[in-house]
Amino acid sequence: MQAQLPFYPEQASNFAPSVDSLMTFLILVSVFFSAAITAAIVIFFFKFHRKSKDEIGVPIHGDMRLETAWIVVPAFLALAMFGWGAVVYVDYRHAPQDTLDIYVIGKQWMWKIQQPNGRREINELHVPVGRDVKLVLASEDVIHDFFVPAFRVKMDVVPGHYNTMWFRPTKAGHYQFFCSQYCGTNHAVMGGWVTVMEPSDYAAWLSGSSGGDVNPVVAGEKLFAEKACSTCHLGNGTGRAPSLNGVYGGTVRLADGSNVTADDAYIRESILAPNAKIVAGYQPLMPAFQGQLTEEEIMSLTAYIKSLQSQPVPATGAGVTAPGKK
Amino acid sequence: MPEEHYLNATYGIRSWLLTTDHKRIALLYLASVTFFFFIGGIFATMIRIHLLTPQGYLVTPETYNKLFTMHGVAMIFFFLIPSIPAVLGNFLVPMMIGAKDLAFPKINLLSWYIYLVGGGFVLYSFATGGLDTGWTFYTPLSSVYSNSAVTPAVIGIFINGFSSILTGLNFVVTIHTMRAPGMTWFRLPLFVWAQYATSIIFILGTPVIAITLLLAGLERMFHLGFFNPALGGDPILFQHLFWFYSHPAVYIMILPAMGVISEIIPTFTRKPIFGYAFIAGSSIAIAVIGFLVWAHHMFLTGESTYAALAFSLLSYLVAIPSAVKVFNWTSTLYKGSISYDTPMLYALGFIGLFLIGGLTGLFLACLGLDIHIHDTYFVVAHFHYIMVGGAVMGYVGGLHFWWPKITGKLYPEFLARMAAVILFVGFNLTFFPQFILGYLGMPRRYHNYPPEFQVLNVMSTAGASILALGYLLPMLYLTWSMRYGKVAGENPWPATGLEWRTPSPPPTENFDVTPVVDWEPYDFKNRPDLGLATPTGPALSPAHGDD
């Protein structure tokens, strides 16, 4: 409650000022209409109160000009609210390029968070100030929701889906986060703290990782071999399955002629239910991994596949184009 | 009081339990929805006491989760949805159109028994382990993870749905086929228009919630993978199906209340309602557009940005007919002959609370703002302003307005005005602080909360105790008045509707002779039978003057 306006929470991200301005606009419109209607009711109530027992009112049936006015004017105000709200929302739903990607897994009733270098946290999230941060959200069980009031952002964490959210912290400090989608018994204690640090402090914190944390790329590479992915997905494109070098972030051409962007959700689906989308030029041979991998393992595999994109593309696998080479 | 009327025409428990008289069935519903209101109210009281302290004052987390779930299920499915249609609608729709009964009197009784069976299953669920899924039953929490008695609850709500569908069907057929001679569509009381719009939603929407909850139940019992991703289902599909009904269900709750307000305001201003056709048309518009806004509950589930844009725009569209109603009601006061009788206090209170409820709906429909306030106490405050501030104020106001017709007795006016004011004050003190809590970031459905939110929570609990008093008072004095109230007479206010042109309480057949309607709705000027002055002369001046 220590904010700019008494009933606005602290502003600590790029979205906080825009959401607050929107709020102020809607409050002003609402106060105007409430005040006008209330004033009319109070004035009429006293001015036209019944003066004799058998008095009746003046029979006025309506007025076309008034009806038109109070349909058209609110319609324009509504359009303004819609438009302004849409601008903020579309910005929020489309993360910029080159974000700091952090994996967040919700499970009853804790948050498991993994930094890009593999450092793990539980119910804690460390982020640098001034950097665009993207959270990739997955759930091990029911629907959760990651909500940081000081950032004015939240997003549902849905089992079977990847959702992403992004923000740019603007102020160092500690900010509480909550689970805001009811998820069972301990829903109310499934929260924690975001620590926003100066970039140098963040870098120092990140490298101070305790020995147990394994870099997700390394963990993913190990899984890639263990689960025998590497027997078909050969790096040089000669295997029975497409090469994965440079796949992440690019456009993949499918057997049915359509194109799909190889994002986290596509990679996830291709691992769990490979027959849902077949890459052009390949046979549907891959076994489904539905139910055989944890969300963390999938995220490690994705991180590994993502890391492959910086390597040169040795052979152009059929239908696979590297980013920027449409 | 008339010698013989619908209450004393026959005696004995059988004459009530086997009645096909729409007025008696209305009273059966009155007793049963009041029972569920009482149960839901007890849960609400416990919730508010628990939230007095940040760490939670009264119960364990499991119990708290069950309290808010059972509060929602009892209040929404077994009180709010049936309250005005099945009590006031049942009593009034045939009388307002000059009919002897509904089109299908036996089906009307069947509706009540179906309601009882559904309610029985839900009470069984409450008594054997309770229910902790939230009234929204989101999967896979409800279909896989919850350890509470979900199955009997979804069976109960499934069964109860048929009660709504049959009531809706009965009203639509009755309004189409049984209007008295001269009762054209544009002479219908606006309450009847509102019931008609509500009935459309009952018929089109209820089957969807019934089948959705059945699917969730089947997934729970037989592990069929509809919604559980581990079985190849999609939890978001459940939300689409659930809200396809449950958003229109909000209009099931508020439209009939708007109908009540549209009857009260002309009566206590003694003038025709301003913009009759716009109020009638806006009810239909709300019912139709209300089916196209459901995914505004899902802006942050990861749904496509384009879908979110469309649903946000449509949600703003549905706000306009609601605004039209408020403007027309307010304008009706202009140059009226306004009295301060209790029903009018409820109507004015309704306008104020519905205004806040409706305007804060614009905040939630706003995509950018919803990112922050979705799933917080802001939402809790908003829908209580609509459902309690709107629907319940309308229901209680309507009960007062038609109480003399239903019972033949007047309630104590001073106490009733006091109760109306207490309700209004208590309501605002309970729920206004929750808007602020929501914007500050307190998520809903929390059994404990950060200490900085305590002041606002204590205010809310204090308000709730005033609110409880406001509900207890009418329960007491209305019951008291049935025996000791002053005799009301045929038309105490007076009002213009057909239901006021028959004795209070009415005879079983409603009217001795079928009425013929040759006047426009809410026309006080050309109704010498009301015994009122006209603007130009005394009471008995020539009846059909110019207009």
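None of the values given here were measured: they were computed from a predicted structure.

**Observations concerning the overall build of chain B**
Right, so step 1: Along its length, chain B carries 15 helices and 0 strands.
Right, so step 2: On C-alpha atoms alone, chain B measures out to a radius of gyration of 23 Å, which is about the 24 Å that the 2.2 N^0.38 rule sets for 547 residues.
Right, so step 3: The principal-axis extents of the C-alpha atoms in chain B amount to approximately 75 × 45 × 45 Å.
Right, so step 4: By residue count, 62% of the 547 residues in chain B fall in the buried class.
Right, so step 5: Considering only residue pairs separated by 6 or more positions, chain B has 82% of its internal contacts joining residues 24 or more positions apart.

**Quick notes on the interface of chain A and chain B**
Right, so step 1: Facing 77 residues of chain A, the contacting portion of chain B comprises 82 residues.
Right, so step 2: Counting only elements with at least two residues in the side of chain A that touches chain B, the list comes to α1 (15–47), α2 (64–93), β6 (144–148), β7 (153–157) and β9 (173–179) of chain A.
Right, so step 3: Here the element with the most residues in the side of chain A that touches chain B is α2(A); it accounts for 18 residues.
Right, so step 4: Partitioning the side of chain A that touches chain B into residue classes produces 47 nonpolar, 20 polar and 10 charged.

**Digging into the sheet that holds β6(A)**
By way of backbone hydrogen bonds, the strands of a sheet pair with one another, either parallel or antiparallel.
Residues and elements named next belong to chain A.
Right, so step 1: Across the sheet, 5 strands lie side by side as β4-β10-β9-β6-β7; this open sheet has mixed pairing. Here the strands that pair on one side only, and so sit at the sheet edges, are β4 (124–128) and β7. On average, each strand axis in the sheet is inclined to that of its neighbour by 20 degrees, with strand direction left out of account.
Right, so step 2: The pairing of β9 with strand β10 (residues 192–197) spans 5 bridges and is antiparallel.

**Here we look at the confidence of the model for chain B**
Residue and element names in this part refer to chain B.
Right, so step 1: Chain-level statistics for chain B give a pLDDT mean of 94 and a share of 97% at 70 or above.
Right, so step 2: Predicted confidence for residues 537–547 stays below pLDDT 50, and this span has 15 contacts to residues more than four positions away or in other chains.
Right, so step 3: Two summary scores accompany this predicted model of the complex, namely pTM at 0.90 and ipTM at 0.91.

**With respect to the domain arrangement of chain A**
Residues and elements named next belong to chain A.
Right, so step 1: In terms of domains, chain A is made up of domain 1 (100–207) and domain 2 (216–321).
Right, so step 2: Using C-alpha coordinates to define each centre, domain 1 is positioned 26 Å away from domain 2.
Right, so step 3: Listed per partner, the contact involves 8 residues of domain 1 and 7 residues of domain 2.
Right, so step 4: If you list the elements that add at least two residues to the side of domain 1 that touches domain 2, you get β1 (100–107) and β5 (133–139).
Right, so step 5: Its residues placed into classes, the side of domain 1 that touches domain 2 shows 5 nonpolar, 2 polar and 1 charged.

**Quick notes on the environment of Leu223(A)**
Residue and element names in this part refer to chain A.
Right, so step 1: As for its placement among the helices and strands, Leu-223 is situated in helix α4 (residues 216–226).
Right, so step 2: Sequence spacing of Leu-223 and Ser-300 is 77 residues, and the spatial spacing of their C-alpha atoms is 8.2 Å.
Right, so step 3: Beyond its immediate sequence surroundings of up to four residues, Leu-223 is in contact with Glu-297, Ser-300 and Leu-301.

**Quick notes on the packing of helix α14 (residues 413–440) of chain B against helix α15 (residues 454–484) of chain B**
All names here are of chain B.
Right, so step 1: Here α14 crosses α15 at 155 degrees, and the two axes come no closer than 7 Å. The angle between α14 and α15 places the two elements in the roughly antiparallel class. Every pair of crossing elements has a handedness; the one defined by α14 and α15 is left-handed.
Right, so step 2: By residue class, the composition of the contact of α14 with α15 is 21 nonpolar, 6 polar and no charged.

**Quick notes on the sheet that holds β1(A)**
Residues and elements named next belong to chain A.
Right, so step 1: Taking strand neighbours across the sheet as the criterion, the 5 strands line up as β3-β2-β1-β5-β8 in an open arrangement whose pairing is mixed. On the outer flanks of this sheet lie β3 (120–122) and β8 (163–167), each paired with one strand and no other. Averaged over all pairs of adjacent strands, the angle between strand axes in this sheet comes to 25 degrees, irrespective of strand direction.
Right, so step 2: Inspection of the sheet shows β5 paired to β8 by 5 bridges, in the antiparallel sense. Residue pairing in the sheet places Leu-135 in a bridge with Met-165 of β8.

**Observations concerning the environment of Arg93(A)**
Right, so step 1: Position of Arg93(A) relative to the elements: it lies in helix α2.
Right, so step 2: A sequence separation of 124 residues divides Arg93(A) from Val217(A), and the C-alpha atoms of the two residues are 26 Å apart.

**Structural notes on the packing of α1(A) against helix α11 (residues 342–365) of chain B**
When two helices pack together, their arrangement is given by the angle between their axes and by how far apart the axes lie.
Right, so step 1: Look at α1(A) against α11(B): their axes get within 10 Å of each other, and the N-to-C directions meet at 165 degrees. With respect to their mutual orientation, α1(A) and α11(B) come out roughly antiparallel. The handedness of the crossing between α1(A) and α11(B) is right-handed. Counted together, Leu26(A), Ser30(A), Phe33(A), Ser34(A), Ile37(A), Thr38(A) and Ile41(A) of α1(A) and Leu348(B), Ile351(B), Gly352(B), Leu355(B), Ile356(B), Leu359(B), Leu362(B) and Phe363(B) of α11(B) form the full contact between these two elements.

**Overview of helix α7 (residues 190–222) of chain B**
Along an α-helix, residues three or four apart share an orientation, since each turn contains 3.6 residues.
Residues and elements named next belong to chain B.
Right, so step 1: Compared with an ideal rise of 1.5 Å per residue, which puts 33 residues at 48 Å, α7 spans 47 Å between its outermost C-alpha atoms and is within 8% of the ideal.
Right, so step 2: Remark: the principal bend of α7, roughly 35 degrees, maps to Gly-205, with a proline, Pro-207, within the next four residues.
Right, so step 3: For α7, a buried count of 25 out of 33 residues is recorded, marking the element as mostly surrounded by other parts of the structure.
Right, so step 4: Looking one or two places after α7, you find His-223, whose phi comes out positive at around 55 degrees.

**Here's the deal with unusual backbone geometry**
Right, so step 1: With an omega of -5 degrees, the peptide bond running from Gln108(A) to Trp109(A) counts as cis.
Right, so step 2: Structurally, Trp109(A) can be placed in the loop between β1 and β2 (110–114).
Right, so step 3: Pro494(B) follows Trp493(B) through a cis peptide bond whose omega is -15 degrees.
Right, so step 4: Examined against the element boundaries, Pro494(B) turns out to sit in the segment after α15.
Right, so step 5: Phi angles above zero are rare outside glycine, and Ala228(A) is one such case at about 65 degrees.
Right, so step 6: Among the secondary structure elements, Ala228(A) is positioned in the loop between α4 and β11 (251–253).

**Things to note about the environment of Asp201(A)**
Residue and element names in this part refer to chain A.
Right, so step 1: Here Asp-201 is to be found in helix α3 (residues 199–207).
Right, so step 2: Among the residues examined, Asp-201 registers 15 C-beta atoms within 10 Å and is labelled partly exposed.
Right, so step 3: Separated by 74 residues in sequence, Asp-201 and Val-127 have C-alpha atoms that sit 9.8 Å apart.

Thresholds applied
Residues numbered from 1 in each chain as written. Chains lettered and ligands numbered in written order. Predicted model: local features only at pLDDT ≥ 70, side-chain atom pairs only at ≥ 80, totals over all residues. Helix = DSSP H or I, 4+ residues; strand = E, 2+ residues; numbered from the N terminus. Rg over C-alpha atoms; globule rule 2.2 N^0.38 Å. Buried ≥ 20, exposed ≤ 12 C-beta atoms within 10 Å, placed from the backbone. Contact = placed C-beta atoms within 7 Å. Nonpolar A, V, L, I, M, F, W, Y, C, P; charged D, E, K, R; others polar. Pairing = 2+ DSSP bridges. Axes fitted to C-alpha atoms, helices over the stretch in contact; angles between N-to-C directions. pLDDT = per-residue confidence, 0-100. Domains from an automatic or database assignment. Parallel < 35°, antiparallel > 145°, perpendicular 65-115°, else oblique. Left-handed = near helix turned anticlockwise from the far one by under 90°. Expected span 1.5 Å × (residues − 1). Bend = angle between axes of the 7 residues up to and from the residue.

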